[in-house]
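Examining the three-dimensional arrangement
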Amino acid sequence: MTATKNSNGSIVVSEADHLAAKEREIRRTYPRVLKGTIRKETHGAHAGKITVVIKCATKGCGNTRRVATSDLFQVRYCPDCTRNLRNAKRREARADGKPTKKTKAHKAKAQKVKASKSRSPLGDGLPVPTGKARKVRKAPKVQPGDLQPGPIAHAATPEPVTVS
Ligand SMILES: [Zn+2]
């Protein structure tokens, strides 16, 4: 640590010392950060950020990776291992028959389209009275304490129930 005094007499810590101190602090939380690798990026993907080099968390991998300190909490592996792990997880999900994110989104979209198609062309937001829709309009089960529902045939726009 080399601290110098400026013309005002206050102690000036060089940027290198400042970074070294920061690195010590970071390595307490993230021991995988390699000593002496901290630096401030002036260009590239991490421009303006402080980066360090981490050791891949995979046993026996030995690869290193430069990451922004702001990403340390979520980066543990080298790019190769990250990709391998992701692929392995996907394979696992497929083996379990779990739907992937993509198919889930597709299903939701399909349902949305279906719902919008069954809407009345008048644009009143009511479902077209098909056999299925009529079934849905069956009298709701009356819970104890609920108000009696009005006649079902005219229940297109239910009266707001005020609870006193
Ligand atoms: Zn690795």
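Residues numbered from 1 in each chain as written. Predicted model: local features only at pLDDT ≥ 70, side-chain atom pairs only at ≥ 80, totals over all residues.

1. A closer look at the overall build of the protein
- The helix and strand inventory of the protein stands at four helices and five strands.
- Each helix and strand of the protein, ordered N terminal to C terminal, gives the series β-β-α-β-β-β-α-α-α.
- Across the 164 residues of the protein, 5% fall into the buried class.
- Counting only contacts in the protein whose residues sit at least 6 apart along the sequence, the fraction spanning at least 24 positions is 11%. (Helix = DSSP H or I, 4+ residues; strand = E, 2+ residues; numbered from the N terminus. Buried ≥ 20, exposed ≤ 12 C-beta atoms within 10 Å, placed from the backbone. Contact = placed C-beta atoms within 7 Å.)

2. Digging into the confidence of the model for the protein
- Predicted confidence across the protein gives a mean pLDDT of 78, with 57% of residues reaching 70 or more.
- Mean pLDDT in the protein bottoms out at helix H4 (residues 131-136), which sits at 53, and peaks at strand S4 (residues 50-55), which reaches 98. (pLDDT = per-residue confidence, 0-100.)

3. Describing the environment of Asp 71
- When you line up the elements, Asp 71 lands in the loop between strand S5 (64-68) and helix H2 (79-95).
- In this structure the C-alpha to C-alpha distance between Asp 71 and Thr 51, which are 20 residues apart in sequence, comes to 9.1 Å.

4. Observations concerning H2
- If you check H2, its first and last C-alpha atoms are 24 Å apart, about what 17 residues at 1.5 Å a residue would give, namely 24 Å.
- The buried fraction of H2 amounts to zero of the 17 residues, a small share that puts the element mostly on the outside.
- Two residues or fewer after H2 comes Gly 97, characterised by a positive phi angle close to 75°. (Expected span 1.5 Å × (residues − 1).)

5. Observations concerning the pairing of S4
- Of the pairings in the sheet, the one linking strand S3 (residues 39-40) to S4 comprises two bridges and is antiparallel in character. Residue pairing for S4: Arg 39 is matched across the bridge by Thr 51.
- Two elements, S4 and S5, share five bridges in a ladder whose sense is antiparallel. Directly across from Thr 51, in S5, lies its bridge partner Ala 68. (Pairing = 2+ DSSP bridges.)

6. Some points on the sheet that holds S4
- A sheet is described by the order of its strands in space; here three strands give the open sequence S3-S4-S5, paired in antiparallel fashion. Either end of the sheet is taken by a strand with one partner, and the two such strands are S3 and S5.
- Running at roughly 40° to S4, helix H1 (residues 15-29) makes contact with S3 and S4 of the sheet. (Axes fitted to C-alpha atoms, helices over the stretch in contact; angles between N-to-C directions.)

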